[in-house]
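# Structure assessment
What follows is each chain in one-letter form.
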Amino acid sequence: MTEVNDEIRRLVRDMAETMYDAPGIGLAATQVDVHKQVIVMDLSEDKSQLQVFINPKILSKCGTQDYEEGCLSVPGIYDVVTRAESITVEALNERGEKFTLEADGLLAVCIQHEIDHLLGKVFVEYLSGLKQSRIKNKLKKRQRERA
């Protein structure tokens, strides 16, 4: 077992609060400018099932599925992304205990999406060049309107 220190516990607490306030269903530490391999997510309706993934690693992927994704890093932008249908992920939980999880559906999408953040990638990078260009123009227009 790897020890999870107080800094990581505070980070998890703060990330969960930020995610719930957004509101969102997942958040990677890199999205709050913390360079740690930490993900939090909660797919429950009543926000009572916080899941924590420290140093997550996808061990296997199977099949494909299309899912409409959005992101707190790219607000108001939604599009369909193709990802693995089911995955097996290994990580540490908030107590520093290693676990392996088999996930499919929305959970698999969310884990892959958040791990992408840890790798410096956002979901729009899966879209065509034309769609990426339209999104960039839309975001630039929003910035001009707010200025």
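Residues numbered from 1 in each chain as written. Predicted model: local features only at pLDDT ≥ 70, side-chain atom pairs only at ≥ 80, totals over all residues. Heavy atoms only, no water.

## What to know about the pairing of strand 5 (residues 74–83)
Across 7 bridges, the pairing between strand 4 (residues 65–71) and strand 5 is antiparallel. Following the sheet pairing, glycine 70 is matched in strand 5 by tyrosine 78. Linking two consecutive strands that pair antiparallel, namely strand 4 and strand 5, is a turn of 2 residues. (Pairing = 2+ DSSP bridges. Helix = DSSP H or I, 4+ residues; strand = E, 2+ residues; numbered from the N terminus.)

## Section: the pairing of strand 2 (residues 38–41)
The alternating pattern of strand 2 places Val38 and Val40 and Ile39 and Met41 on opposite faces, both of which are buried. Strand direction decides the pairing type here: strand 1 (residues 26–28) and strand 2, joined by 3 bridges, are antiparallel. In the sheet register, leucine 27 faces strand 2, and the bridge partner there is valine 40. Pairing of strand 2 with strand 3 (residues 51–62) involves 4 bridges; the strand directions are antiparallel. (Buried < 20%, exposed > 50% of the residue type's maximum accessible area, 1.4 Å probe, protein only.)

## Overview of the pattern of salt bridges
Between side chains of opposite charge, a pair can form as their charged atoms come close. This structure, assessed with the given rule, holds 9 salt bridges. A salt bridge links glutamate 7 to lysine 36; the shortest N-O distance between them is 3.7 Å. With a gap of 29 residues between them, glutamate 7 in helix 1 (residues 6–21) and lysine 36 in the loop between strand 1 and strand 2 connect regions that are remote in the sequence. We classify lysine 36 as partly exposed; its relative accessible area is 31%. Residue lysine 131 is joined to aspartate 79 by a salt bridge in which the shortest nitrogen-to-oxygen separation is 3.2 Å. Residue lysine 131 is found in helix 3 (residues 129–146), and its partner aspartate 79 is found in strand 5; the two are separated by 52 residues along the sequence. Looking at lysine 131, the relative accessible area reads 36%, which means it is partly exposed. Bridged by salt links that share partners, the residues Glu69, Arg83 and Asp116 form one connected network. (Salt bridge = Lys/Arg side-chain N within 4 Å of Asp/Glu carboxyl O.)

Geometric descriptors of this kind do not, in isolation, establish any biological role.
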